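Structural overview for review
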Amino acid sequence: MMMALGMFVFGLRSVPYQELQRQLAWRHVSTARVGLRPARQYLGKDDETITLSGVLLPQLTGGPTSLADLEAMGDEGAAWPLLDGEGNVYGLYVIESLQTTSSLFFDSGTARRIEFSLVLKRIDDDAVDQLGTPPMAMEAA
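Owing to the predicted nature of the structure, the values given are computational and were not obtained by experimental measurement. (Residues numbered from 1 in each chain as written. Predicted model: local features only at pLDDT ≥ 70, side-chain atom pairs only at ≥ 80, totals over all residues. Heavy atoms only, no water.)

**Regarding the pairing of strand β7 (residues 111-122)**
How we decide: Two strands make a pair as long as DSSP finds a minimum of two bridges between them. Counting from the N terminus, the helices are the DSSP runs of H or I reaching at least four residues and the strands are the DSSP runs of E reaching at least two.
Sheet analysis places strand β4 (residues 36-56) next to β7, joined by 8 bridges and oriented antiparallel. Following the sheet pairing, Leu-56 is matched in β7 by Ile-114. As judged from the 11 bridges shared by strand β6 (residues 89-105) and β7, these two strands associate in the antiparallel manner. Pairing of Ser-97 across the sheet is with Val-119, part of β7.

**Here we look at helix α1 (residues 64-76)**
Basically, it comes down to this: The span one expects for a helix is its residue count, reduced by one, times 1.5 Å. Contacts are assigned to residue pairs that have any heavy atoms within 4.5 Å of one another.
Helix length check: α1 (13 residues) gives 18 Å between terminal C-alpha atoms against 18 Å at 1.5 Å per residue, within 8%. The inward-facing, buried residues of α1 abut β1 (3-5), β2 (8-10), β4, β5 (79-84), β6 and β7. Positive phi appears at Gly-77, one or two residues downstream of α1, with a value of about 70°.

**Points about the confidence of the model for the protein chain**
To keep it simple, the criterion reads: Values of pLDDT, the confidence the predictor places in each residue, fall between 0 and 100.
Of all residues in the protein chain, 89% attain a pLDDT of 70 or more, and the chain-wide mean is 88. Segment residues 136-141 is flagged for pLDDT under 50; beyond a separation of four residues in sequence, or across chains, it makes 2 contacts in the model.

**Observations regarding the pattern of salt bridges**
Oppositely charged side chains may form a pair once their charged atoms are brought near each other. Threshold: Any Lys or Arg side-chain nitrogen located within 4 Å of an Asp or Glu carboxyl oxygen qualifies as a salt bridge. Think of it in three bands: residues with accessible area under 20% of the maximum for their type are buried, residues over 50% are exposed, and the middle band is partly exposed, with areas taken using a 1.4 Å probe on protein chains only.
By the definition in use, this model includes 4 salt bridges. A salt bridge links Asp-47 to Lys-121, with the nearest nitrogen and oxygen atoms 3.7 Å apart. Of the two residues, Asp-47 sits in strand β4 while Lys-121 sits in strand β7, which places them 74 residues apart along the sequence. Residues Arg-113 and Glu-115 are paired through a salt bridge, measuring 3.5 Å at the closest nitrogen-oxygen approach. For Glu-115, a relative accessible area of 36% corresponds to the partly exposed category. Each of the salt bridges in this network shares a partner with another, and the network as a whole consists of Arg-22, Glu-48 and Arg-122.

**Quick look at the sheet that holds β5**
Paired through backbone hydrogen bonds, the strands of a sheet run either parallel or antiparallel to each other. Operational definition: Axes here mean lines fitted to C-alpha atoms, for a helix over just the part in contact, with angles spanning 0 to 180 degrees between N-to-C directions.
The strand order β2-β1-β5-β6-β7-β4-β3 describes an open sheet built from 7 strands, whose pairing is antiparallel. Two strands lie at the open edges of the sheet, namely β2 and β3 (19-33), each paired on one side alone. Across the sheet, the axes of successive neighbouring strands diverge by a mean angle of 30°, strand direction being ignored. Packed on one face of the sheet, α1 meets β1, β2, β4, β5, β6 and β7 and runs near 135° to β6.

**Examining a nonpolar patch on the surface**
Quick reminder of the rule: Patch rule: a residue counts if its relative accessible area is over 30% and it has no salt bridge; like charges are joined within 9 Å, and nonpolar side chains (Val, Leu, Ile, Met, Phe, Trp, Tyr) within 5 Å. Per-residue and other accessible areas were derived by the Shrake-Rupley procedure at a 1.4 Å probe size, with only the shown protein chains allowed to occlude residues.
A cluster of nonpolar side chains, contributed by Leu-24, Trp-26 and Tyr-42, occupies part of the molecular surface with about 330 Å² of accessible area. Mapping Tyr-42 onto the fold places it in strand β4. Assessed through its relative accessible area of 46%, Tyr-42 is described here as partly exposed.

**Quick notes on unusual backbone geometry**
One non-glycine residue with positive phi stands out, namely Leu-104, at about 50°. Structurally, the position occupied by Leu-104 is in strand β6.

**Observations concerning the environment of Ser-103**
Structurally, Ser-103 is set in strand β6. Since its relative accessible area comes to 23%, Ser-103 is described here as partly exposed. Taking the C-alpha atoms as reference points, Ser-103 and Glu-115, 12 residues apart in sequence, are found 8.3 Å from one another.

If you want it as structure tokens, here you go:
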């Protein structure tokens with residue numbers, strides 16, 4: 001396992017990303033002052049974004065089915081815990097966007113190569129009301 005978003009596991013058979021980009025930000029507001037530089041006040045953490053990107057070769061790795069699972073998770077609009085293969089918990093994340101580019105097609109129109117970029121945004125860890133429902137729990141309901 002490379003990483004897991006809720007019950008979705010990133011790995012060679014699903015969506016093996018080749019690049020993980022993490023962006024952190026902090027909020028500082030400024031107040032204009034006469035004859036001086038603006039005064040700054042630290043307000044706290046701002047958005048935290050993780051972007052996973054790579055290339056899928058459906059004959060060897062994951063493909064359209066795995067991407068459809070991520071799309072369904074995005075459609076749900078829920079937050080999911082994100083953790084890496086070493087057990088480090090990053091927090092709760094929502095899927096902000098999923099971009100795919102298909103190329104090198106078979107005669108049937110099936111892509112041999114799919115480039116993807118998945119953008120995740122962190123939400124407050126105490127927002128448990130936004131947690132997604134695992135697929136097995138949905139079926140039992």
